[in-house]
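# Structure at a glance
Here is how the chains run, residue by residue.
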Amino acid sequence: MYQILFKKSAEKELERLPKSAVKRISRAVDDLAQNPRPPGSKKLEGQRESLWRIRVGDFRIIYFVEDVIRIVEIRRIGHRKDIYR
């Protein structure tokens, strides 16, 4: 299993989302501990580091995976229209 860590900014973004979305996003984040690259995940291009994203409805979770020490760090959470800016 991987350990899930949140950046402080990602925690704040999660707190600002609607409660119905938070429940689905929390479930998706918990699933990342078992499989950090689930079907439908995509590696983001043009980044200095290896970032991944998963979709949860209209929301996106952007995260970093460190396989050696088995950590998934959640970097950003937000609506699809705002997340890539």
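What comes next is a walk through the structure. All of these numbers come straight from a predicted model, not from anything done at the bench. (Residues numbered from 1 in each chain as written. Predicted model: local features only at pLDDT ≥ 70, side-chain atom pairs only at ≥ 80, totals over all residues. Heavy atoms only, no water.)

## As for helix α1 (residues 8-15)
For α1, the set of buried residues is Ala10, Glu13 and Leu14. For α1, the angular spread of buried residues about the axis comes to 100°, placing them on one side. Turned more than 90 degrees from where α1 packs its buried face, Lys8 and Glu15 sit exposed. (Buried < 20%, exposed > 50% of the residue type's maximum accessible area, 1.4 Å probe, protein only. Helix = DSSP H or I, 4+ residues; strand = E, 2+ residues; numbered from the N terminus. Arc of directions from axis to C-beta.)

## What about the packing of aromatic side chains?
This model, assessed by the stated rule, comprises zero aromatic pairs. The lysine or arginine in question, Arg70, covers the ring of Tyr2, its NZ or CZ lying 4.4 Å from the ring centre. (Phe/Tyr/Trp six-rings, centres within 6.5 Å; stacked < 30°, edge-to-face > 60°. Lys NZ or Arg CZ within 6 Å of the ring centre and 35° of its normal.)

## A look at the pattern of salt bridges
For side chains bearing opposite charge, pairing can occur when the charged atoms are close. All told, the structure shown has five salt bridges when counted by the stated rule. Across the pair Arg76 and Glu13 runs a salt bridge whose closest N-O atoms are separated by 3.5 Å. Here Arg76 is found in strand β5 (residues 71-79), whereas its partner Glu13 is found in helix α1, with 63 residues between them in sequence. The class for Arg76 is partly exposed, based on a relative accessible area of 29%. Measuring nitrogen to oxygen at the nearest pair gives 3.8 Å for the salt bridge that ties Arg80 to Asp58. Linking Arg80 in the segment after β5 with Asp58 in the loop between β3 (51-56) and β4 (59-66), this pair joins segments that are 22 residues apart in sequence. Through salt bridges with shared partners, one network takes in Glu49, Glu73 and Arg75. (Salt bridge = Lys/Arg side-chain N within 4 Å of Asp/Glu carboxyl O.)

## Notes on the layout of surface pockets
Quantified by volume, the largest pocket comes out at close to 210 Å³. Forming the walls of the largest pocket are Lys7, Leu44, Gln47, Glu49, Leu51, Ile62, Arg75, Arg76, Ile83, Tyr84 and Arg85. Class assignment for the residues of the lining of the largest pocket results in five nonpolar, one polar and five charged. (1 Å grid on protein atoms, 1.4 Å probe; cavity = no way out; pocket = protein on both sides within 12 Å on 5 of 7 lines; lining within 4 Å. Points joined across faces, edges and corners; volume = space filled by probe spheres on them. Nonpolar A, V, L, I, M, F, W, Y, C, P; charged D, E, K, R; others polar.)

## Some details on the pairing of β4
For β4, a buried count of seven out of eight residues is recorded, marking the element as mostly surrounded by other parts of the structure. Where β3 meets β4, six bridges bridge the pair, whose relative direction is antiparallel. If you follow Trp52 over to β4, its bridge partner there is Tyr63. The antiparallel pairing of β3 with β4 creates a hairpin that spans two residues between the two strands, and Gly57 there sits at a positive phi of about 65°. In the sheet, β4 pairs with β5 via eight bridges, with the strands oriented antiparallel. Counted as the bridge partner of Arg60 is Gly78 from β5. The antiparallel pairing of β4 with β5 creates a hairpin that spans four residues between the two strands, and Arg70 there sits at a positive phi of about 55°. (Pairing = 2+ DSSP bridges.)

That's the geometry; what it means functionally is another story.
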